[in-house]
Amino acid sequence: MKKRTLLLMFALLATVSTVFAQRNVQGNVTDTEGTPLIGASILAEGTSIGTVTDIDGNFELQVPDGAENLLISYTGFATQTLAIGNNSTFDIELEQAAIGLEDIVVIGYGEQSERFQVQSIAKIENEALANVPVVSPQELLQGQAAGVQLTNTSGLLGAATAIRVRGVASLNAGGQPLIVVDGVPLNDGDYSTTGGATALNPLQSINPNDIESMSVLKDAAAAAIYGSRGANGVILITTKKGKAGTNTFNFNAYTGWSEPTNVYDMTDADQLRGYLVDARGSDPANLPSGSFDWQDAVLQTGRIDNYDASMSGGTDKTQYYVSGNFVDQSNYVIGNELNRISGRLNLKQQVSDKLRFGANIGISRVDNDRINSDNSTFAPLTSAYLQRPWVQAFDENGNYRNTGFIANVLAIEDLSIRNLIERRTNGNVYAMYDIVPGLTFKTEFGIDEIQTEETIRDPEIVSPGGYGYRRIFRDNKWLTNNSLTFDKDFGRSNINILGLLSYETSQLETTTVEGSDFAADNLRNIASAATPTTTFAAREAWALFSQILRASYRFDNKYIVEGTIRRDGSSRFGANNRYGVFGAGSIGWIVTEEDFFSNTGALDFLKLTLSYGTSGNDRLDNFASLGLYQSGTLSDYNGLPGLRPTQAANPDLSWEQTAQFDVGIATAWFNNRLNVNVNFWNKNTTDLLLDFNLPEVLGISNITQNAGEMRNTGVDFDLRATVAQRGDFEWRLNFNAAYLDNEILVLPGAPLDDEGRPFLQGTASQRAIVGEDANTFYLVRYNGVDEEGNATWLDKEGNPTTTYTTANRVIAGSAIPDWTGGITNIFRYKDLDFSFLFNFVYGNDVYLGDLRFTENTAAPFNISTRLLDFWTPQNTDGVVPSPDSPTFLNYGQRSTNQLMNGSFLRLRNITLGYTLRGDALNTDAFGSIRAYVLGQNLLTFTADDFRGQDPEVNDGGAGNNLRFGESFFTPPQAQTVTIGINASF
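Nothing here was measured: the structure is a model prediction, and the numbers come from that model. (Residues numbered from 1 in each chain as written. Predicted model: local features only at pLDDT ≥ 70, side-chain atom pairs only at ≥ 80, totals over all residues. Heavy atoms only, no water.)

K.L.:
Let's hear about the overall build of the protein chain: which residues, and what values?
P.N.:
Each helix and strand in the protein chain was counted, giving eight helices and 53 strands. On C-alpha atoms alone, the protein chain measures out to a radius of gyration of 30 Å, which is about the 30 Å that the 2.2 N^0.38 rule sets for 985 residues. Expressed along its principal axes, the backbone C-alpha trace of the protein chain runs to roughly 100 × 70 × 60 Å. Looking at the protein chain as a whole, 56% of its 985 residues are labelled buried. Counting contacts in the protein chain only where the partners sit at least 6 residues apart, residues at least 24 apart contribute 69% of the total. Just so you have it, the protein chain exposes about 40400 Å², and 53% of that area is on carbon and sulfur atoms. Within the protein chain, the 113 negative side-chain charges are centred at a point lying 6 Å from the centre of the 71 positive side-chain charges. (Helix = DSSP H or I, 4+ residues; strand = E, 2+ residues; numbered from the N terminus. Rg over C-alpha atoms; globule rule 2.2 N^0.38 Å. Buried < 20%, exposed > 50% of the residue type's maximum accessible area, 1.4 Å probe, protein only. Contact = heavy atoms within 4.5 Å. Areas by Shrake-Rupley, 256 points an atom, 1.4 Å probe, with all protein chains shown as cover. Lys, Arg positive; Asp, Glu negative; His and termini not counted. Charge placed at Lys NZ, Arg CZ, Asp CG, Glu CD.)

Pasting the structure below:
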């Protein structure tokens, strides 16, 4: 019925086409020195009719009769509003604005001038998005937004990124922000197997060159518009649109090479044989001869090739943007490749003065050859570290050998299939109708359809008998939004009101087949397996119905009040608490607009903001509130099919709710050359969605309940400056930093530790403890080697002991950093540009579980060269206990010996480019061609005691809030050198 109503609305609006009288206006736009501004926007206020200035700053526009004002805007300059009156010709001078203050910021369901913004929103500058050769959009956020921490879960291609906006707002429910592309929230499930592979990146289908802007909604005043899904923050991505009066063709191409940022130094065959004789007492006659360099065999020089083309432009009536992209990438580890082909069409059509249609459609196909990663002996790099260096990959006839528990990863790469194909269609179509001046109706229909097909096929040499697996996910979402927007000036007042009804639903279908024992390796289909082991098919769905109201009032361009309320009904929650109400209020005062600030000296702009509001989190299982039963062999009764209960019902289950308070100060200084923004914030999450185990006697394993409270507090600092601007030289600086403190306040019903504190277990190394933070490391403290060559640890009271026991575990550190941020420098001299970005993390610890194997004195694997430095009477500074000590074989036990200071400073990218402009050569053949070379992750500075591959680790995946900052042979980030060109015609 809803679909039918929507179609009728489109049909009705399509029949309405009233043509009003128009008249022609023209003019010229310059800066205060008379320099023409190319591409300045001219818009008839209250309509969507507009154009842009040409190369000489000229424009011509047909404006409808009744339009009262022209809006003239240009990036970096103050927007002007000019009364049209009886004028037909305009000479316009724009004054330079404070940095960014006149920029348009995308907010939930609309846009807003940064000058009048009373919400905490981080906008990624266009300069940070343009001409940066990245494969996935989230790379553009790294180090660019205060309070937004990105941690790559793996160096593998297609791996997800853990994104935390102002800390972690949940424990058991999802921790990732909501990602919205052109108004359509993305599906972001883990549509892949968990057999040692990393979670999929939900943004890998999007071409970064298609992105016009990215905004991160951080406080409740901004995120409350998304109600039940805004607690973890919201990332809004807006793709490029065509501009009236232009027709542009852009071509981008680049190629690059990659290596791992760092790898472990493992012993070669001779070193390992010597160690086993000297430290383990092995008989050299019984040790195998020969040598094979497994690490060299699995590492290679990675490659990337990217080609991208787009056309955009249009007339006053029709604007378009169309693009295509192809990327082909191989990793520095064998077997890991990714290629993507994608296309986009964005179209806007003015049917009449009042009616316009539009569409934003993106399609993609990603083909990802995957490899196992963390916690898997089938992972190439892990196997290369652990495989003893005399184990041969090939027999005397050149055939692959079965190397046992630690798999022959060269055979896997060559003979096995580990492939995942992702197909995605994302977009929307909409119609807008101006009912009366200032009142607009918009109806929209959007979809996000994703299908993944994962195939694994191992031959006999890899898995005896052969093994096959295939899983297909189909997650199809559709949504409809219908809204009324009122935006009108009344003298010195401006009123903006948005009312919106939204319905969103998604259906997930899963099909899995698995089998073993194949008659021949060339039989690829699972149907050829003699022993079927899994045949599974399931379907589930969820729905969300929302009513939204947002209103803002601005008086005299200096006093701003805004309020939002949203009511959500979700199928995921209990029948007694299906609907939740979320709201926020904010106020702003532009102090420098007051008369007493007429002579401010160095201070050009000062705005104070205050906000408070609530948002929610519905990231939990679709059936978490229901009593569930399971059939199958475990439920059979006396040989007959049966059902058994597996989950208790909770009809009172409801949203987690996060309340956030924010105080902001925005300033501009020194003739608008410096912006400094500071936000102090506090957010409390209550009614945490927690999973509790039930007594086995009930026959039901667990129940999900609302219980617990957690607090995050912090400070976001952002600075943007034009440091120098003289003649043809310019130096711009952007710096951001964020402080964060997290604390678990209450965990009712949770188990107690030895000190009587409630806690939730995250991993064997970390837990969430009341009074501490959500990712507290709980470990035995390692105390080094004593003067007699014994390994020592500390007991609970801090006394040294040579006895290792987990009973001595204490709070030992935290995975949550105190500070995160980034600094960007951009230099330009004439047509030469140079820039670099550092990002940093400070005050956190990381646990490297891989060291329990590479530095394990008792392990039957290869070892780190560090173990060669053991204590002897002649080497009393040895870092490893004496082989004669009874503690020698305990050196690799889980302790703070594997806990490292995770602070780092990383040169995220550095770029040198040169632009050749067509006008400099007196030719119209092209607009400009820019050639550049770029390096990524070329330098990483860590703490002196750091012994890992990479300090940027999170093997728990993107959404596991109770496992953060740990590694178990996680492949490190790649360092890449890229050369490319950007051409505009």
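K.L.:
An account of the sheet that holds strand S41 (residues 781–785) is requested, with residue identities and associated values reported.
P.N.:
Reading across from one edge, S41-S42-S43 is the order of the three strands in this open sheet, with antiparallel pairing throughout. Two strands bound the open sheet, and with one partner strand each, they are S41 and strand S43 (800–801). Here S41 runs beside strand S42 (residues 791–794); their pairing, made up of four bridges, is antiparallel. Within the sheet, the bridge partner assigned to arginine 781 lies in S42 and is leucine 794. (Pairing = 2+ DSSP bridges.)

K.L.:
Which residues make up empty space enclosed by the protein, and what values go with them?
P.N.:
Taken as a whole and judged by the stated rule, the model has 10 cavities of 30 Å³ or more. For the largest cavity, the calculated volume is near 560 Å³. What lines the largest cavity is a set of 39 residues, and nearest its centre among them are Glu114, Ile121, Asn677, Asp718 and Arg720. Only strand S10 (121–124), strand S29 (603–617), strand S32 (656–669), strand S33 (674–686), strand S36 (709–726) and strand S37 (729–746) provide two or more residues apiece to the lining of the largest cavity. Partitioning the lining of the largest cavity into residue classes produces 16 nonpolar, 13 polar and 10 charged. Lining the second largest cavity are 26 residues, with Gln149, Leu150, Thr151, Thr820 and Val841 sitting closest to its centre. Residue assignment for the lining of the second largest cavity shows that the elements contributing at least two residues are strand S11 (148–152), strand S45 (819–829) and strand S46 (832–842). (1 Å grid on protein atoms, 1.4 Å probe; cavity = no way out; pocket = protein on both sides within 12 Å on 5 of 7 lines; lining within 4 Å. Points joined across faces, edges and corners; volume = space filled by probe spheres on them. Nonpolar A, V, L, I, M, F, W, Y, C, P; charged D, E, K, R; others polar.)

K.L.:
Go over the sheet that holds strand S14 (residues 184–185), please, and point to the residues and values.
P.N.:
The five strands lie next to each other as S10-S15-S16-S13-S14, forming an open sheet whose pairing is mixed. Both edges of this open sheet fall to S10 and S14, since each of them pairs with a single strand only. With two bridges joining them, strand S13 (residues 178–181) and S14 adopt antiparallel strand pairing. Counted as the bridge partner of valine 181 is valine 184 from S14.

K.L.:
Before we move on, could you go through the nonpolar core and cite the residues and values that matter?
P.N.:
If you look at the biggest cluster of nonpolar residues, it comprises 46 residues, and the most contacted ones within it are Tyr275, Trp294, Val298, Leu410 and Leu848. Elements with a contribution of two residues or more to this core: helix H4 (269–278), helix H5 (294–298), helix H6 (380–386), helix H7 (409–415), S42 and strand S47 (845–848). Leave out the neighbours within four places in its chain, and tryptophan 294 touches Ala384, Gln387, Arg388, Val391, Gln392, Ala393, Thr403, Asn408, Val409 and Leu410. Of all hydrophobic cores here, the second largest spans 20 residues; its members include Val134, Leu150, Val165 and Leu186. (Core = buried A, V, L, I, M, F, W, Y, C linked by side-chain atoms within 4.5 Å.)

K.L.:
Tell me about the pattern of salt bridges, and please be specific about residues and values.
P.N.:
Inspection of the entire model under this criterion finds 39 salt bridges. Between aspartate 434 and arginine 356 there is a salt bridge whose closest N-O contact spans 2.9 Å. Separated by 78 residues along the polypeptide, aspartate 434 in strand S22 (residues 417–436) and arginine 356 in strand S21 (residues 355–369) bring together distant segments of the chain. For aspartate 434, a relative accessible area of 7% translates into the label buried. Since its relative accessible area comes to 6%, arginine 356 is described here as buried. Put simply, arginine 566 and aspartate 568 hold a salt bridge, and the shortest N to O gap is 2.8 Å. Each member of the pair, arginine 566 as well as aspartate 568, carries the same accessibility label: buried. Overlapping salt bridges bring together Arg166, Lys218, Asp662 and Asp716 as one network. (Salt bridge = Lys/Arg side-chain N within 4 Å of Asp/Glu carboxyl O.)

K.L.:
I'd like a description of the packing of aromatic side chains, backed by residues and values.
P.N.:
Counted according to the given criterion, the structure contains 31 aromatic pairs. Centroid distance tyrosine 109 to tyrosine 226: 5.1 Å. Interplanar angle 25°. Geometry classified as stacked. Residue tyrosine 109 is found in the loop between strand S8 (104–107) and strand S9 (110–113), and its partner tyrosine 226 is found in the loop between helix H3 (220–223) and strand S16 (234–239); the two are separated by 117 residues along the sequence. Geometrically, the ring pair formed by phenylalanine 735 and phenylalanine 840 is stacked, given 6.5 Å between the ring centres and 20° between the ring planes. With phenylalanine 735 in strand S37 and phenylalanine 840 in strand S46, the pair connects residues that are 105 residues apart, well separated along the chain. Judged by its relative accessible area of 19%, phenylalanine 840 falls in the buried class. Linked through ring pairs, Tyr264, Tyr385, Phe853, Phe861, Phe968 and Phe969 together constitute an aromatic cluster. Of note, arginine 567 hangs over the ring of tyrosine 579, and the distance from its end group to the ring centre comes to 4.0 Å. (Phe/Tyr/Trp six-rings, centres within 6.5 Å; stacked < 30°, edge-to-face > 60°. Lys NZ or Arg CZ within 6 Å of the ring centre and 35° of its normal.)

K.L.:
Account for the environment of glutamate 60, naming residues and giving values.
P.N.:
Examined against the element boundaries, glutamate 60 turns out to sit in strand S4 (residues 58–64). The spacing of glutamate 60 and glutamine 26 is 34 residues in sequence and 4.2 Å in space, taken between C-alpha atoms. If near-sequence neighbours (up to four positions away) are discounted, glutamate 60 is found in contact with Asn24, Val25, Gln26 and Thr51.

K.L.:
So what's going on with the side chain of arginine 424? Which residues, and what values?
P.N.:
In this structure, arginine 424 sits in strand S22. One polar contact links the side chain of arginine 424 to the main-chain carbonyl oxygen of asparagine 187, over a distance of 2.7 Å. Of the polar contacts made by the side chain of arginine 424, one reaches the backbone oxygen of proline 202; its length is 3.1 Å. The residues touching arginine 424, leaving out its near neighbours within four places in the chain, are Leu186, Asn187, Pro202, Ser205, Gly362, Ile363, Ser364, Asp448, Glu449 and Ile450. (Polar contact = N/O pair within 3.5 Å; in protein donor to acceptor, adjacent residues only side chain to side chain.)

K.L.:
Any chance you could break down the side chain of arginine 720 for me, citing the residues and the numbers?
P.N.:
Within the secondary structure, arginine 720 is located in strand S36. A polar atom in the side chain of arginine 720 sits 3.0 Å from the side chain of glutamate 114. At 3.5 Å, the side chain of arginine 720 and the side chain of aspartate 718 are in polar contact.

K.L.:
How would you summarise the confidence of the model for the protein chain if you had to cite specific residues and measurements?
P.N.:
Overall, the predicted model of the protein chain reaches an average pLDDT of 88, with 93% of residues at or above 70. In the predicted structure, residues 1–21 sits below a pLDDT of 50 and forms 35 contacts with residues beyond four places in sequence or in another chain. (pLDDT = per-residue confidence, 0-100.)

K.L.:
Just give me the short version of H4, but keep the residues and values in it.
P.N.:
Residues of H4 that are buried: Ala269, Leu272, Arg273, Tyr275 and Leu276. For H4, the arc enclosing every buried residue in end-on projection is 160°, short of the 170-degree limit, so these residues lie on one face. The outward face of H4, more than 90 degrees from its buried face, is lined by the exposed residues Asp270 and Asp278. Near the N-terminus of H4, the side chain that reaches the backbone nitrogen of aspartate 270, with its oxygen 3.2 Å away, is that of aspartate 268. (Arc of directions from axis to C-beta.)

K.L.:
Describe the environment of proline 972, and please don't skip the residues or the numbers.
P.N.:
In this fold, proline 972 is placed in the loop between strand S52 (966–967) and strand S53 (974–984). Under the relative-accessibility criterion, proline 972 is labelled buried at 1%. Along the primary structure proline 972 and asparagine 262 are separated by 710 residues, whereas in three dimensions their C-alpha atoms are 6.8 Å apart. The contact partners of proline 972, leaving out residues within four places of it in the chain, are Gly155, Pro260, Thr261, Asn262, Tyr332, Leu381, Gln949 and Asp950.

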